[in-house]
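Examination of the molecular architecture
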Amino acid sequence: MKMTELHSLLKAESHPSIHIQSHHDGVYFTVEIEHGDDKQQLRALNGKPMVFRDEEAARNLLQQAGIKQVKARRILSGFSTLAQPGFQSSWPARFA
């Protein structure tokens, strides 16, 4: 969904659910729009999904479009969930 389509959808009486979604543990972010059973990503003029470096950049763009509050979703990769227990060293750490 392009920004112009989102504007026309917001002007209509229906209110879509808009989320900022993180990918690969916050490496990049996209904006997802849910309208009924339809789920789409916010796309640029060339038709490719808009990708943001951080959540704040996505929020700023949406605020410029007149969208004040947006929920954020964080998606954890499979590797990070396996690595959660972490590495426990048997050597005590000391400062030099």
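Preceding this paragraph is the structure being described.
Residues numbered from 1 in each chain as written. Predicted model: local features only at pLDDT ≥ 70, side-chain atom pairs only at ≥ 80, totals over all residues. Heavy atoms only, no water.

**Remarks on helix H1 (residues 3-11)**
- Of all the positions in H1, only Met3, Leu6 and Leu9 are classed as buried. End-on view of H1: buried residues confined to an arc of 115 degrees, all on one side of the axis. The exposed set on the far side of H1, more than 90 degrees from its buried face, consists of Thr4 and Lys11.
- On its buried face, H1 is in contact with strand E1 (17-23), strand E2 (28-35) and helix H2 (55-64). (Buried < 20%, exposed > 50% of the residue type's maximum accessible area, 1.4 Å probe, protein only. Helix = DSSP H or I, 4+ residues; strand = E, 2+ residues; numbered from the N terminus. Arc of directions from axis to C-beta. Contact = heavy atoms within 4.5 Å.)

**Overview of the pattern of salt bridges**
- Under the defined criterion, the tally for this structure stands at one salt bridge.
- For glutamate 55, the salt bridge identified is with arginine 59, shortest N-O distance 2.8 Å. Of the two residues, glutamate 55 and arginine 59 both sit in helix H2, four residues apart, roughly one turn of that helix. (Salt bridge = Lys/Arg side-chain N within 4 Å of Asp/Glu carboxyl O.)

**With respect to the nonpolar core**
- Grouped together as the largest cluster of nonpolar side chains are 16 residues, with contacts concentrated most on Leu6, Ile18, Val31, Ile33, Leu42 and Leu62.
- Listed by contribution, the elements that provide at least two residues to this core are H1, E1, E2 and H2.
- Once you skip the residues sitting within four places of it in the chain, isoleucine 18 turns out to touch Leu6, Val31, Glu32, Ile33, Leu62, Ile67, Val70 and Lys71. (Core = buried A, V, L, I, M, F, W, Y, C linked by side-chain atoms within 4.5 Å.)

**Quick notes on H2**
- Listed as buried for H2 are Glu55, Ala58 and Leu62. Summarising the axial view, the buried residues of H2 lie within an arc of 65 degrees, below the 170-degree limit, and thus occupy one face.
- Contacts made by the buried residues of H2 are with H1, E1, E2 and strand E4 (71-73).
- Glycine 66 sits one or two residues past H2 and shows a positive phi near 95 degrees.

**Quick notes on the pairing of E2**
- Counting buried positions along E2 gives six out of eight residues, so the element sits mostly inside the fold.
- Judged from the seven bridges that link them, E1 and E2 form a sheet pairing that is antiparallel. Bridge assignment links serine 17 to a residue of E2, and that residue is glutamate 34.
- The hairpin formed by E1 and E2 contains four residues between the paired strands, and histidine 24 there has a positive phi angle of roughly 55 degrees.
- The pairing of E2 with strand E3 (residues 38-41) spans four bridges and is classified as antiparallel. Its bridge partner being in E3, glutamate 34 is matched across the sheet by lysine 39.
- Connecting E2 to the antiparallel partner E3 that follows it, the hairpin turn spans two residues, and glycine 36 within it adopts a positive phi of roughly 70 degrees. (Pairing = 2+ DSSP bridges.)

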